[in-house]
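Structural description and commentary
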Amino acid sequence: MRSKRVLVVEDNPDDIALIRRVLDRKDIHCQLEFVDNGAKALYQVQQAKYDLIILDIGLPIANGFEVMSAVRKPGANQHTPIVILTDNVSDDRAKQCMAAGASSVVDKSSNNVTDFYGRIYAIFSYWLTVNHCQLAR
């Protein structure tokens, strides 16, 4: 898994710290890059190939839908799994994300840190170890 490259697009410093803590505690090692706005994400996906992109929807400069649209255009990351990790996901919002190109939608809002840890671990575990196929589009 050390060779897997993951881009996390998240503007909340507390969520970034929690994601880092989960990966350290669960001993998950990968090439991890964080950016805090959509414009930086758009730049990064043009510069490098990723094995997984974790994306918030409510981002400054360019939102998650704009980032997904750019990623799904022909290019190095066109088939890279995109996991939406955002707050308060309704059924309509989840459907909207899936239609825009998300591979999965995960609600990060939780009443306790343990639930959040479990969600983060599940994302990394599934997309980097259990699931061995890319999207076929």
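You'll find the structure just up there.
Overview of the structure. Along each chain, numbering runs from 1 in the same order as the chain's sequence is written. The model is predicted, so local features are restricted to residues of pLDDT at least 70 and side-chain atom pairs to those at 80 or more, both for listing and for counting; the totals for chains, interfaces and linings are taken over all residues. The side-chain numbers reported here are obtained from all heavy atoms of the structure, hydrogens and water having been left aside.

Secondary structure summary: the protein chain contains five helices and five strands in total. Secondary structure elements follow DSSP: runs of H or I of four or more residues count as helices, runs of E of two or more count as strands, with numbering from the N terminus. Helices and strands appear in the protein chain in the N-to-C order β-α-β-α-β-α-β-α-β-α. Taken over C-alpha atoms, the radius of gyration is set against a globule rule of 2.2 Å times the number of residues to the power 0.38. Against the compact-globule benchmark of 14 Å for 137 residues, the protein chain has a radius of gyration of 14 Å, which places it among compact chains. The principal-axis extent of the C-alpha atoms belonging to the protein chain is close to 35 × 35 × 25 Å. Exposure classes here rest on a 1.4 Å probe applied to the protein chains alone. A residue is buried below 20% of its type maximum, exposed above 50%, and partly exposed in between. When the 137 residues of the protein chain are sorted by exposure, 45% land in the buried category. Residue contacts are counted whenever heavy atoms from the two residues lie within 4.5 Å of one another. In the protein chain, the share of contacts with a sequence separation of at least 24, taken over all contacts with a separation of at least 6, comes to 67%. Carbon and sulfur atoms make up 47% of the accessible area of the protein chain, which totals about 7200 Å². When charges are tallied, Lys and Arg are placed among the positive residues and Asp and Glu among the negative ones, while His and the ends of the chain are skipped. By convention, charge coordinates are those of NZ in Lys, CZ in Arg, CG in Asp, or CD in Glu. Computing the positive centroid from 16 side-chain charges and the negative centroid from 16, the protein chain places the two 6 Å apart. To be clear on the numbers: accessible area is Shrake-Rupley with a 1.4 Å probe, and residue cover counts the displayed protein chains and nothing else.

Right, let's talk about the sheet that holds strand S3 (residues 52-55) for a bit. Strand order across the open sheet formed by five strands is S2-S1-S3-S4-S5, with parallel pairing between neighbours. The two strands at the open ends of the sheet, each matched to only one other strand, are strand S2 (31-35) and strand S5 (104-107). When the angles between neighbouring strand axes are averaged without regard to direction, this sheet yields 20°. Direction of pairing for S3 relative to strand S4 (residues 82-86): parallel, over a ladder of three bridges. If you follow isoleucine 54 over to S4, its bridge partner there is valine 83. All axes are obtained by fitting lines to C-alpha atoms, using only the stretch in contact for helices, and the reported angles, taken between N-to-C directions, cover 0 to 180 degrees. Here helix H1 (residues 13-25) sits on the sheet and contacts strand S1 (5-9), S2 and S4; the angle it forms with S2, its principal contact strand, is near 170°. Along the sheet, helix H3 (residues 64-71) makes contact with S3 and S4, crossing S3 at roughly 160°. Two strands pair under a simple rule: DSSP has to find at least two bridges between them.

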